[in-house]
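Chain by chain, the residues:
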Amino acid sequence: MKELVEVIAKALVDCPEEVAVTETENEKSIVLELHVAQSDMGKVIGKQGRIAKAIRAVVKAAAAKCDKKVIVDIVQ
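Values in this document were obtained by computation on a predicted structure and should not be read as measured data.

Q: What am I meant to see in the environment of Gln-76 here?
A: Its place among the elements puts Gln-76 in the segment after β3 (69–75). Sequence separation of Gln-76 and Ala-57 is 19 residues, and the distance between their C-alpha atoms is 21 Å. Discounting residues that sit within four places of it in the chain, Gln-76 has contacts with His-35, Gln-38 and Met-41.

Q: How should the pattern of salt bridges be read in this particular structure?
A: One side chain can pair with another of opposite charge once the charged atoms of both are near each other. This model, assessed by the stated rule, comprises 3 salt bridges. The salt bridge partner of Lys-10 is Glu-6, with a shortest N-O separation of 3.3 Å. Within this pair, Lys-10 and its partner Glu-6 are both found in helix α1 (residues 2–12), separated by 4 residues, close to a single helical turn. For Lys-10, a relative accessible area of 36% gives the class partly exposed. What makes Glu-6 partly exposed here is its relative accessible area of 23%. Of the charged contacts, one joins Lys-68 and Glu-25 as a salt bridge, the two residues approaching to 2.5 Å between their closest N and O atoms. Taken together, the positions of Lys-68 in the loop between α3 (50–63) and β3 and Glu-25 in strand β1 (residues 20–25) put the pair 43 residues apart, joining distant regions of the chain. A residue is classified by how much of its surface remains accessible, and Lys-68, at 24% relative accessible area, is partly exposed. Look at Glu-25 and you get partly exposed, because its relative accessible area is 49%.

How each quantity is defined
- Sequence order sets the numbering: in each chain, residues are counted from 1 along the sequence as written.
- Predicted model: local features are reported for residues with pLDDT of at least 70 only, side-chain atom pairs are reported and counted for 80 or more only, and whole-chain, interface and lining totals are derived from all residues.
- Calculation of side-chain values draws on the structure's entire complement of heavy atoms; hydrogens and water are dropped beforehand.
- Secondary structure elements follow DSSP: runs of H or I of four or more residues count as helices, runs of E of two or more count as strands, with numbering from the N terminus.
- Whether two residues are in contact is decided by their heavy atoms: any pair within 4.5 Å suffices.
- We count a salt bridge whenever a side-chain nitrogen from Lys or Arg sits within 4 Å of a carboxyl oxygen from Asp or Glu.
- Categorising residues by exposure relies on relative accessible area from a 1.4 Å probe, with only protein chains included: less than 20% of the type maximum marks a residue as buried, more than 50% marks it as exposed, and the intermediate range marks it as partly exposed.

Here is the structure:
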């Protein structure tokens, strides 16, 4: 999951070298924190959060095989 979010985010931003994803896993869920440059926050979130929702939807579909809930947080 971590690699999937990282690839998607790097394709969207102007500074792909500043993209970092941290993964925290427990029994029933996986939390992915996406860190991007301040200037790229708008590109990752999108108008009215549409791009962020799309990223979460893709990750949720990929996580269906694992039977775990995946949460994607976009952090400054």
